[in-house]
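Spelled out from the first residue to the last, the chains are:
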Amino acid sequence: MALSGIQIYKMLPQTNCKECSFPTCLAFAMKLAAKQVELSACPYVTEESKAALAESAAPPIRLVTLKANGNEVKAGNEVVLFRHEKTFYHKPGLFIRVRDDQNEDAIKQKVAAADGYQVEYVGIDLFVDGFAVEAASGDPGAFSAAVSAVREATHRPLILIAQDAGVMEAGLRAIDGEHPLIYGANSDTWQAFAELAKQHEAALGVAAPSLEEIADLTEKIKEAGVEDIVIDPMVRDLNTSLILSTQIRRLALKSNFRALGYPMIAFPGDADDPSRESSLAAQAIAKYAGFVVLDTFSPELVYPLMVMRENIYTDPQKPIQVTPGLYPINDPKPTDPVLATTNFSITYFSVANEVEGSGLPAWLLVTDAEGMSVLTAWAAGKFDAERIAKAVKEFGVAEKVSQKRIILPGHVAVLSGELEEELPDWEVRVGPREAVDLPSFMKQAL
Amino acid sequence: MPVEIPKDKWAGTVKTITLGATSDQGGTRARTVTVGGESTLPFLHFEAPTPHRPVIALEIRDRRPDDWSPLLLETWSEVADDPARWAAAAEEAGADLIELMISPTGADGNPTTPQAAVDAVKAVLGATGLPLIVFGPGQADLDNELLVPVAEATKGERLVLGICEDKNYRTIVAAALANDHLVNARTPMDVNLAKQLNILITDMGLPLDRIIMDPTTGALGYGMEYGYSVMERLRLAALQGDAMTQLPMLVTPGFEAWKTKESKVGEGVPDTWGVWLDRAINWETLTAVSLIEAGADILVLRHPESLRRVCSAIDELMAVPEMA
Ligand code: B12
Ligand code: SF4
């Protein structure tokens with residue numbers, strides 16, 4: 001947690017020499033607390049104070065980045081417990097796990113399918129972030145071979161999982177030069193794992209059955225020179241994982257407890273049952289995990305989870321929007337209809353995808369409704385006849401079409417009279433309520 | 001290293017509310033359902049016990065719905081033609097209570113009559129011993145027209161009457177007051193509107209322990225995050241001591257999730273959406289599980305498999321670990 005001006009003042013020379021261009025050390029301290037000046041402006045701060053101040057400026061939850069081949073997954077740097085307080089910043093990475101006792105073709109097949117998976121949600125391309133490879137065999141050769149097999153099938157960042165440091169090392173050698181996460185150091189193995197993490201510039205996962213033990217380990221590991229740490233409180237049910245993740249996040253943010261100020265990793269895949277795995281993963285996404293390891297890769301599970309992650313990590317202050325304008329869909333001609341909608345991303349894409357999928361040409365008029373859905377904008381007075389007419393003029397719609405025909409969303413049928421007044425030479429039609437029914441409406445009624 | 005766990009001490013407690021009434025309480029239910037009573041955020045057993053588990057209602061209709069996903073109609077098959085059999089099947093599937101939603105029109109296309117609504121409610125009460133939530137079609141005038149006679153015909157049952165919103169709360173609250181029922185107070189995802197409606201309702205004399213608060217929700221991918229955050233804020237306000245937010249919350253993830261294209265449509269959608277039935281169930285389940293952790297006390301679902309999954313998630317969340 002950031003220090004107050006007074007706390008910073010106590011660490012300054014307190015001589016009021018003015019060389020920093022402030023009248024007093026206290027004035028300088030206040031500016032520092034507000035992050036409006038650099039500490040280096042004072043030539044007289046002691047090394048000790050510098051270190052203490054740098055420490056306090058560090059984020060309460062460390063940002064950890066995994067990298068491979070130009071792909072990155074970041075976790076940490078969060079500042080709130082509830083998304084309405086500000087926003088959540090770094091979407092937890094979704095990783096799909098394979099094990100080295102599986103046959104190599106099966107591994108490659110699973111990884112390739114997940115690696116190639118990409119799905120669109122409101123114009124955002126969603127994909128799996130990386131893969132976890134677990135040493136289930138305990139054999140260094142088998143682990144190394146499995147890691148290589150995975151690496152052949154994907155370029156994305158990896159998490160390597162092994163109990164034994166020797167086995168882990170074999171895996172790490174197979175992907176030299178990357179910045180993976182290696183999991184998991186425990187109270188017996190932490191020294192060897194910390195050594196490996198340093199040598200290979202890997203982030204280090206730490207697992208222990210109590211917060212006290214995790215804190216002890218992270219302190220020792222930090223002392224040994226590894227700062228990119230990821231923690232696992234080793235609980236695998238919805239109840240204790242909710243409690244411990246909440247406690248860890250609170251300790252980091254409210255108590256400024258550095259030893260637990262690291263991203264967490266969750267293993268819903270350990271559930272061994274896809275229906276439970278999905279609930280555990282949903283909780284991990286909403287309740288503070290930085291990395292989520294799944295065993296099941298199936299579109300019907302991964303797609304909703306990724307959509308959920310988008311929802312939870314949307315900035316609550318600004319809904320995802322598209323730019324207002326006139327969007328041609330399927331090469332419309334001047335005789336094709338104009339469909340009016342709002343610039344809320346979900347709304348725009350529900351309509352655009354439906355029309356696009358039908359192959360029918362149309363002009364989509366996206367009005368500036370301040371990023372609100374049709375009914376929300378209507379209720380808030382941001383999607384009315386006046387605004388629609390204004391958009392028609394602003395985007396030069398009359399110049400693009402010869403048949404002046406505009407279709408309103410069915411939910412705002414009440415607007416049609418007013419719109420006829422606003423646009424006297426236009427034909428105003430009311431479309432269906434839901435976008436799914438647009439294609440058949442366009443075929444039959446237009 | 002010693003770790004001092006930060007514990008929140010809250011001033012407020014959510015009201016404890018009982019739905020349904022047994023014969024010695026003036027109703028006919030075989031059992032009642034009690035929700036609420038929380039004095040900390042959901043399932044943080046290390047701070048305070050969770051006195052009552054969140055409960056699940058299954059939504060049924062007075063007749064086979066025209067606009068439901070074919071997956072749901074297949075699952076309920078012919079019982080969807082008969083609200084009594086549907087209610088019994090929902091009880092069999094493990095529901096804690098039933099939500100009966102009256103359709104605006106009958107199967108013949110004519111508007112639903114008050115008598116038909118009363119008959120449907122009575123048939124459902126006869127077919128199940130579970131407490132009942134009755135929702136009108138969701139149009140204020142029609143809701144009034146149908147719910148008042150339903151309330152009168154079921155005096156003493158402690159039904160939950162909905163939707164009770166700013167447009168029609170006077171009528172619905174009066175009907176609840178006169179006939180010993182509860183109301184489901186719905187507002188569109190806004191903390192202040194929710195408080196305001198609760199104030200208006202209590203001003204009419206309905207005590208707080210007969211109001212369920214419905215902050216409205218959206219489906220996963222279609223506005224769920226707004227509902228999620230409004231629920232977190234309402235529950236925080238309740239715990240901080242704001243009496244007009246200290247009510248159990250009801251949400252309808254089944255209605256919302258099954259309205260989305262992802263659940264409703266199986267053909268002509270991207271392959272990357274995966275297997276239709278599993279996708280639809282995940283849509284409903286993940287919406288519900290997220291909302292439980294945001295403070296939902298009553299969840300209305302539609303698919304029995306979602307009910308099974310959400311129920312086992314609740315079992316897991318309710319288990320008090322040793323550490324607490
Ligand atoms: C999420 C939400 C919000 C969010 C806003 C999200 C956003 N960025 O828009 C928040 C919480 C901020 C909000 C606020 C309000 N909301 Co609001 N909100 C909702 C909610 C739950 C979902 C809306 C949504 O995202 N739908 C999904 C999108 C994709 O739907 P859509 O835009 O309608 O698009 C569909 C169709 O219209 C159609 N379509 C779209 N364009 C076109 C074009 C053509 C040509 C055709 C044919 C079809 C078509 O296709 C789409 C898919 O089928 C609804 C209730 C519900 N469950 O639906 C209430 C709702 C829309 N809100 C409502 C209200 C009243 C409000 C507030 C006024 C309340 C208040 N006083 O605070 C405010 C207004 C905002 C403000 N003053 O700042 C009411 C509107 C009531 C009414 N019928 O008038 C609703 C219906 C809730 C209710 N039942 O009371 N809301
Ligand atoms: S330069 Fe340093 S010592 Fe001098 S007034 Fe500024 S803060 Fe104080």
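Reading the values: rules and limits
- Residues numbered from 1 in each chain as written.
- Chains lettered and ligands numbered in written order.
- Predicted model: local features only at pLDDT ≥ 70, side-chain atom pairs only at ≥ 80, totals over all residues.
- Heavy atoms only, no water.
- Helix = DSSP H or I, 4+ residues; strand = E, 2+ residues; numbered from the N terminus.
- Rg over C-alpha atoms; globule rule 2.2 N^0.38 Å.
- Buried < 20%, exposed > 50% of the residue type's maximum accessible area, 1.4 Å probe, protein only.
- Contact = heavy atoms within 4.5 Å.
- Areas by Shrake-Rupley, 256 points an atom, 1.4 Å probe, with all protein chains shown as cover.
- Lys, Arg positive; Asp, Glu negative; His and termini not counted.
- Charge placed at Lys NZ, Arg CZ, Asp CG, Glu CD.
- Salt bridge = Lys/Arg side-chain N within 4 Å of Asp/Glu carboxyl O.
- Pairing = 2+ DSSP bridges.
- Axes fitted to C-alpha atoms, helices over the stretch in contact; angles between N-to-C directions.
- Buried area = accessible area lost by both parts, 1.4 Å probe.
- Polar contact = N/O pair within 3.5 Å; in protein donor to acceptor, adjacent residues only side chain to side chain.
- Near = heavy atom within 4 Å.
- Nonpolar A, V, L, I, M, F, W, Y, C, P; charged D, E, K, R; others polar.
- Right-handed = clockwise from strand over helix to strand, strands pointing away.
- Domains from an automatic or database assignment.
- Core = buried A, V, L, I, M, F, W, Y, C linked by side-chain atoms within 4.5 Å.
- Arc of directions from axis to C-beta.
- Expected span 1.5 Å × (residues − 1).

A. Just the overall build of chain B, in detail. Counting its secondary structure elements, chain B contains eleven helices and ten strands. Here the C-alpha atoms of chain B give a radius of gyration of 19 Å, agreeing with the 20 Å that 2.2 N^0.38 yields for 324 residues. Oriented by its inertia axes, the alpha-carbon framework of chain B measures out at about 70 × 55 × 35 Å. Across the 324 residues that make up chain B, the buried fraction comes to 62%. Considering only intrachain contacts with a sequence separation of at least 6, the fraction spanning at least 24 residues in chain B is 70%.

B. Looking closely at the overall build of chain A. Helices and strands together make up the secondary structure of chain A, namely 17 helices and 17 strands. In terms of principal-axis extent, the alpha carbons of chain A reach across some 80 × 70 × 40 Å. With 446 residues in all, chain A has 55% of them scored as buried. Looking at chain A alone, contacts between residues at least 24 apart form 67% of all its contacts between residues at least 6 apart. When the accessible surface of chain A is split by element, carbon and sulfur atoms take 49% of a total near 18200 Å². Both charge centroids of chain A, one from 41 positive and one from 61 negative side chains, sit 6 Å from each other.

C. Main features of the pattern of salt bridges. Residue and element names in this part refer to chain A. By the definition in use, this model includes 44 salt bridges over all chains. Notably, a salt bridge pairs Lys 50 with Glu 47, separated by 3.4 Å at the nearest N-O pair. Placement of the pair is Lys 50 and Glu 47 together in helix α3 (residues 47-57), with a separation of three residues, close to one helical turn. With relative accessibility at 37%, the residue Lys 50 sits in the partly exposed group. We note a salt bridge from Asp 295 to Arg 99, for which the minimum N-O separation is 3.1 Å. Note that Asp 295 is positioned in the loop between β12 (289-294) and α11 (299-312) and Arg 99 in strand β3 (residues 93-99), a separation of 196 residues in sequence. A network of salt bridges, in which partner residues are shared, links Arg 97, Arg 99, Glu 134, Asp 232, Arg 236, Asp 270 and Asp 295.

D. Representation of the sheet that holds strand β16 (residues 405-408) of chain A within the structure. Residue and element names in this part refer to chain A. Read across the open sheet, the five strands follow the order β13-β15-β14-β16-β17; overall the sheet is mixed. The two strands at the open ends of the sheet, each matched to only one other strand, are β13 (325-329) and β17 (427-430). With direction set aside, neighbouring strand axes in the sheet form an average angle of 30°. As defined by bridge partners, β16 adjoins β17 across four bridges and the pair is classed as parallel.

E. Molecular detail of the interface of chain A and chain B. Listed per partner, the contact involves 54 residues of chain A and 53 residues of chain B. Together, the buried faces of chain A and chain B total about 4400 Å²; carbon and sulfur atoms form 63% of this surface. If you look at where chain A meets chain B, you find six salt bridges. We note a salt bridge from Arg 276 of chain A to Glu 316 of chain B, for which the minimum N-O separation is 2.8 Å. Taken together, the links from chain A to chain B amount to 22 residue pairs in polar contact (both at pLDDT 80 or more). Listed by contribution, the elements that provide at least two residues to the side of chain A that touches chain B are β4 (119-121), α8 (211-223), α9 (238-253), α10 (274-286), α11 and α12 (345-358) of chain A.

F. Representation of the site of ligand 1 in the model. By nearness alone, 37 residues border ligand 1, and Thr 341, Thr 347, Ser 373, Trp 378 and Glu 434 of chain A come closest of all. In this structure, ligand 1 is bordered by residues of chains A and B. Ser 373 of chain A is positioned with one of its backbone polar atoms (N or O) 2.6 Å from an oxygen atom of ligand 1. Tyr 226 of chain B is positioned such that a nitrogen or oxygen atom in its side chain is 3.2 Å from a nitrogen atom of ligand 1. When contributions to the shell around ligand 1 are tallied by element, the ones reaching two or more residues are β14 (338-342), α12, α13 (374-379) and β16 of chain A. Here the shell around ligand 1 is composed, by residue class, of 23 nonpolar, nine polar and five charged.

G. Structural context of the pairing of strand β5 (residues 132-135) of chain B. Residue and element names in this part refer to chain B. In β5, alternate side chains face the same way, and those of Leu 132 and Val 134 on one face and Ile 133 and Phe 135 on the other are all buried. Where strand β4 (residues 97-101) and β5 come together, four bridges link them in parallel fashion. If you follow Ile 98 over to β5, its bridge partner there is Leu 132. In this fold, β4 hands off to helix α3 (residues 114-127), which returns the chain to β5; that crossover is right-handed. As paired elements, β5 and strand β6 (residues 160-164) share three bridges and run parallel to each other. Each bridged residue has a counterpart across the sheet, and for Val 134 the counterpart in β6 is Leu 161. The parallel pair β5 and β6, bridged by helix α4 (residues 140-153), forms a crossover whose chirality is right-handed.

H. A look at the domain arrangement of chain A. Taken domain by domain, chain A comprises domain 1 (5-57), domain 2 (64-312) and domain 3 (325-445). Computed from C-alpha atoms alone, the centre-to-centre distance between domain 1 of chain A and domain 2 of chain A is 39 Å.

I. How the structure looks around the nonpolar core. Leu 160, Ile 182, Leu 204 and Leu 260 of chain A together with Ile 201 of chain B are the most contacted members of the largest nonpolar core, which has 211 residues in total. Residue-level mapping places this core at the junction of two domains, with at least three residues from each of domain 2 (64-312) and domain 3 (325-445) of chain A. Discounting residues that sit within four places of it in the chain, Leu 160 of chain A has contacts with Val 133, Phe 143, Val 147, Met 168, Gly 171, Leu 172, Ile 175, Leu 181, Ile 182 and Tyr 183 of chain A. Core analysis: the next-biggest nonpolar cluster, separate from the first, contains 24 residues, Val 338, Trp 363, Leu 408 and Leu 419 of chain A among them.

J. A look at helix α2 (residues 83-92) of chain B. Residue and element names in this part refer to chain B. Those residues of α2 that sit buried are Pro 83, Ala 84, Trp 86, Ala 87 and Ala 90. Down the axis of α2, the buried set is contained in an arc of 165°. They therefore lie on one face. Residues of α2 that are buried in the fold lie against β3 (55-61), α1 (70-76), β4 and α3. With a side-chain oxygen lying 3.0 Å from the backbone nitrogen of Ala 84, the N-terminal cap of α2 falls on Asp 82.

K. Looking closely at unusual backbone geometry. Looking along the chain, the bond that leaves Tyr 183 of chain A and enters Gly 184 of chain A is cis, with omega of 5°. In this fold, Gly 184 of chain A is placed in strand β8 (residues 181-185). Here the phi dihedral of Asp 180 of chain B falls at roughly 60°; this positive angle occurs in a residue that is not glycine.

L. View of α3 of chain B. With 14 residues, α3 of chain B extends 20 Å between its outermost C-alpha atoms, agreeing within 8% with the 20 Å of an ideal straight helix rising 1.5 Å per residue. Here the buried face of α3 of chain B lies against β3, α2, β4, β5 and α4 of chain B.

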